[in-house]
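# Structure at a glance
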Amino acid sequence: EATYWLSLDLPHGIIRYGIGLFTVQSVLFEIRLKEYTNPGVWSWKEGWEWLQELENVTVWTGGESELAITPLPIVNDIPPVIRSGDQVSLDDLANGQFTVPENLSVECQKLYHNVAGVDVVLDSPDFPDFSSAIEYSVNTPGAYGYGLLKDKQGELGDDFRGTYLRITIGTDLGNSPGVPYVLEIWPAGHFSPIHDHADAYAIIKVVLHGAIECTYYDSLQEDPEPNPIFPNPTVLKKGDVTWLSPKIYQIHRLRNLSTEGKVCCTVQCYQYGSDDTRHYEAFRW
């Protein structure tokens, strides 16, 4: 089920080849056929000028392989953290730390605008202590949340910390792997396995105090083990929003690093792409 991809970046004269997710980190090798000769000017190396006239590329696939074509080359990875346009500065644009929702797919934009509002919180006026109640419930032996976590122990491994709670919100609309909106509760020190998201698009918003560490990987294979896409994990704090798509950031692991018993709660939102005809329902790990 591996994806093999070829990227033609003609403005910079770069041909890249990779396997797996459509990210710069998945590049196996690249060829640079242009040189930076003057400010803002890239010139072809001798003998490669003919590529500028390239009009057609033919790809042969064997068996039941599927061919997908996208109009843009793989140049830089879109940052995993989203900020609305009125929160992004010139420095942010230059450093590439954040992206705005308009840079994402239509599916991710739709999910983002459903949950990014300021009122999508746990501690609402009618229940201002909701987060404290959740924290007590999952941290206290004999309480309801703690009992649910103990019942889940063993599903994803023997470590009790490898459990977390998923509470669906709303109804199943048939356009996502299960109910599209899910509240996830992560007790301190608890984590998920490395897993994918059934080739779905997703938006994740942290809505409670505390933070959660998100590490993105290049595959789910066992040998060799998956490699982190970035050298350092992404830490999401209250109010932060991240995203994933079928070919970018699809595989990750979440972990609550708190050592003080602080719970982290996230809202996960899912949707299949408009061209998805398979609707695979399970997350693999």
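Our subject is the structure listed above.
To start, this report covers the structure provided alongside it. (Residues numbered from 1 in each chain as written. Predicted model: local features only at pLDDT ≥ 70, side-chain atom pairs only at ≥ 80, totals over all residues. Heavy atoms only, no water.)

## As for the overall build of the chain
Threshold: Where helices and strands are cited, they refer to DSSP runs of H or I of at least four residues and of E of at least two residues respectively, numbered from the N terminus. Exposure is judged per residue with a 1.4 Å probe applied to protein chains only, and the accessible area is read against the type maximum: over 50% gives exposed, under 20% gives buried, and values in between give partly exposed. Any two residues whose heavy atoms approach within 4.5 Å are treated as being in contact. Only the protein chains shown count as cover for residues, and the accessible areas themselves come from Shrake-Rupley with a 1.4 Å probe. Neither His nor the chain ends contribute to the count of charged residues, in which Lys and Arg are positive and Asp and Glu negative. Charged side chains are reduced to one point each, which is NZ for Lys, CZ for Arg, CG for Asp and CD for Glu.
Each helix and strand counted, the chain has four helices and 14 strands in total. The C-alpha extent of the chain, read off along each of the three principal axes, is 75 × 45 × 35 Å. Within the chain, buried positions represent 39% of all 285 residues. The long-range share in the chain, meaning contacts at least 24 apart out of those at least 6 apart in sequence, stands at 62%. Just so you have it, the chain exposes about 16,500 Å², and 53% of that area is on carbon and sulfur atoms. Seen as two clouds, the 19 positive and the 39 negative side-chain charges of the chain have centres 5 Å apart.

## Considerations on the sheet that holds strand β11 (residues 234-237)
Let me state the cut-off plainly: Following DSSP output, two strands are said to pair if at least two bridges run between them. Fitting a line to C-alpha atoms yields each axis, with helices limited to the stretch in contact; the angle taken between N-to-C directions then spans 0 to 180 degrees.
Sheet architecture is open: three strands sit in the order β11-β10-β13, paired in antiparallel fashion. Bordering the open sheet on either side are β11 and β13 (252-255), each of which pairs with just one other strand. Recorded for the sheet is a direction-independent mean angle of 25° between the axes of neighbouring strands. In the sheet, strand β10 (residues 211-216) pairs with β13 via four bridges, with the strands oriented antiparallel. The partner of E213 across the bridge, within β13, is R255.

## Some points on the side chain of H190
Counted only if it meets this: Under the rule applied, a polar contact is a pair of N or O atoms within 3.5 Å (in protein, one hydrogen donor and one hydrogen acceptor; residues adjacent in sequence only if both atoms are side-chain atoms).
You can see H190 is positioned in the loop between β8 (181-186) and β9 (201-206). Within the structure, H190 has its side chain in polar contact with the backbone oxygen of T163 (distance 2.8 Å). Not counting the four nearest positions on each side in its chain, H190 is found in contact with L149, F160, R161, T163, L254, R255 and N256.

## Points about a nonpolar patch on the surface
Heads up, the rule is: The residues that make up patches have over 30% relative accessible area and no salt bridge, and they are joined within 9 Å when like-charged or within 5 Å when they are Val, Leu, Ile, Met, Phe, Trp or Tyr. The term salt bridge refers to a side-chain nitrogen of Lys or Arg lying within 4 Å of a carboxyl oxygen of Asp or Glu.
A cluster of nonpolar side chains, contributed by L6, L8, V57, V59, L67 and I69, occupies part of the molecular surface with about 580 Å² of accessible area. Along the polypeptide, L6 turns up in strand β1 (residues 4-9).

Bear in mind that shape data such as this cannot, by itself, settle questions of function.
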